[in-house]
Amino acid sequence: MKIAIYPGTFDPITNGHLDIIERATQLFDKVIVTVAVNSSKTPMFTGEERVEMIQAVIKQKRLTKVTVERFNGLLVSFAAKKKATAIIRGLRAISDFEYEFQMALMNRKQSNKIDTVFLMPAEKYTYLNSSIVREIARLDGKFRDFVPPSVYRTMKKKLKN
Ligand code: ADP
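Computed from a predicted structure; not experimentally measured.

Just checking my understanding: could you explain the overall build of the protein for this structure?
A count of helices and strands for the protein gives six helices and five strands. When the helices and strands of the protein are listed from N to C terminus, the series reads β-α-β-α-β-α-β-α-β-α-α. Dimensions of the protein along its principal axes, counting C-alpha atoms only, are 45 × 30 × 30 Å. Look at the contacts in the protein between residues 6 or more apart in sequence, and 75% of them connect residues 24 or more apart. As presented, the protein carries roughly 9,800 Å² of accessible surface, and 51% of it is formed by carbon and sulfur atoms.

Sorry, what's going on with a nonpolar patch on the surface here?
A surface patch of nonpolar side chains, amounting to about 430 Å² of accessible area, comprises I94, F97, F101 and L105. As for its placement among the helices and strands, I94 is situated in helix α4 (residues 94–110).

Just to check I follow, could you spell out the layout of surface pockets for this structure?
The method is simple in principle: a probe with the dimensions of a water molecule rolls over the atoms, and the space it marks as empty is what remains. When its volume is computed, the largest pocket comes out at roughly 1,100 Å³. Taken together, 44 residues form the lining of the largest pocket, with G8, T9, K41, R89 and Y99 sitting closest to its centre. Element by element, the count of residues in the lining of the largest pocket is highest for α4, at nine residues. Split by residue class, the lining of the largest pocket holds 20 nonpolar, 17 polar and seven charged.

Can you help me understand the nonpolar core in this one?
One recurring pattern in soluble globular proteins is that nonpolar side chains are buried together. In this structure, Y6, V33, I54, I88, F143 and M155 are the most contacted members of the largest nonpolar core, which totals 35 residues. Broken down by secondary-structure element, the contributors of at least two residues to this core are β1 (3–8), α1 (15–27), β2 (30–36), α2 (47–60), β3 (66–71), β4 (86–90), α5 (130–138) and α6 (149–160). The element contributing the most residues to this core is α2, with five residues. Beyond its immediate sequence surroundings of up to four residues, I54 is in contact with F10, I13, V33, V35 and V68.

Mind showing me how you'd approach the packing of α2 against α6 here?
For any two helices packed against each other, the geometry is given by the interaxial angle and the distance between the axes. One can describe the packing of α2 onto α6 by two numbers: an axis separation of 9 Å at closest approach and a directional angle of 150°. Regarding the angle of α2 to α6, the classification is roughly antiparallel. Contact residues: E49, M53, A56, V57 and Q60 in α2; S150, V151, T154 and K158 in α6. Broken down by class, the residue content of the contact of α2 with α6 amounts to four nonpolar, three polar and two charged.

What exactly am I supposed to notice about the packing of aromatic side chains here?
Evaluated as defined, the whole model comprises five aromatic pairs. Geometrically, the ring pair formed by Y6 and F10 is edge-to-face, given 5.2 Å between the ring centres and 75° between the ring planes. Here Y6 matches F10 in class, with each residue buried.

When you look at α4 in this model, what are you seeing that I'm missing?
Each turn of an α-helix holds 3.6 residues, which means side chains three or four residues apart point in the same direction. Compared with an ideal rise of 1.5 Å per residue, which puts 17 residues at 24 Å, α4 spans 25 Å between its outermost C-alpha atoms and is within 8% of the ideal. Listed as buried for α4 are D96, E100, A104 and N107. Contacts made by the buried residues of α4 are with α3 (75–81), β4 and β5 (115–119).

Is there a simple way to explain the environment of L18 in this structure?
By secondary structure assignment, the location of L18 is in helix α1. Here L18 falls in the buried class, since its relative accessible area comes to 5%. Along the chain, L18 and E135 lie 117 residues apart, while their C-alpha atoms are 20 Å from each other. Setting aside anything within four residues of it in sequence, one finds L18 in contact with V57, K61, L63 and P148.

The rules behind each value
Residues numbered from 1 in each chain as written. Predicted model: local features only at pLDDT ≥ 70, side-chain atom pairs only at ≥ 80, totals over all residues. Heavy atoms only, no water. Helix = DSSP H or I, 4+ residues; strand = E, 2+ residues; numbered from the N terminus. Contact = heavy atoms within 4.5 Å. Areas by Shrake-Rupley, 256 points an atom, 1.4 Å probe, with all protein chains shown as cover. Patch = residues over 30% accessible without salt bridge, like charges linked within 9 Å, V, L, I, M, F, W, Y side chains within 5 Å. Salt bridge = Lys/Arg side-chain N within 4 Å of Asp/Glu carboxyl O. 1 Å grid on protein atoms, 1.4 Å probe; cavity = no way out; pocket = protein on both sides within 12 Å on 5 of 7 lines; lining within 4 Å. Points joined across faces, edges and corners; volume = space filled by probe spheres on them. Nonpolar A, V, L, I, M, F, W, Y, C, P; charged D, E, K, R; others polar. Core = buried A, V, L, I, M, F, W, Y, C linked by side-chain atoms within 4.5 Å. Buried < 20%, exposed > 50% of the residue type's maximum accessible area, 1.4 Å probe, protein only. Axes fitted to C-alpha atoms, helices over the stretch in contact; angles between N-to-C directions. Parallel < 35°, antiparallel > 145°, perpendicular 65-115°, else oblique. Phe/Tyr/Trp six-rings, centres within 6.5 Å; stacked < 30°, edge-to-face > 60°. Expected span 1.5 Å × (residues − 1).

Structure representation (structure tokens):
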């Protein structure tokens, strides 16, 4: 059984993340979307809300190989606990590369039992990230095409309050 974890902030999950998750399921038997809750960023959604949004998307898309968990702490320790052999990361552009390269090598220093696997999304998602979606949503711009429908509804509701 090949298990991978896909860590990130997912504030919120976008169609770009979803593209990566679907690609990962072609390569692995199980993909654990790992929602980081100890990040230095101030999130729009709580860890719990982010997990719930991802769960709804997994269900809608019938992604039976995918589960979602919250995590805080050292990523490689979480991976070991879950018996994962790979960390999935998405690479959009050269601008992602430097940070991802550093993280991958640092994680390898922590444990050589786990490798980072980089996947490229469909071209149309290469300009997409959660922070730009949050920004556009806050400014009441159009963002329907960037997130799954259930996430769109949740964001609209959150912003109304
Ligand atoms: P981070 O907290 O490191 O910014 P994110 O939660 O934004 O992480 O994303 C988690 C992972 O998903 C990262 O590897 C990031 O590169 C990738 N990712 C985010 N948006 C996209 C996208 N539009 N296409 C492909 N990969 C993406």
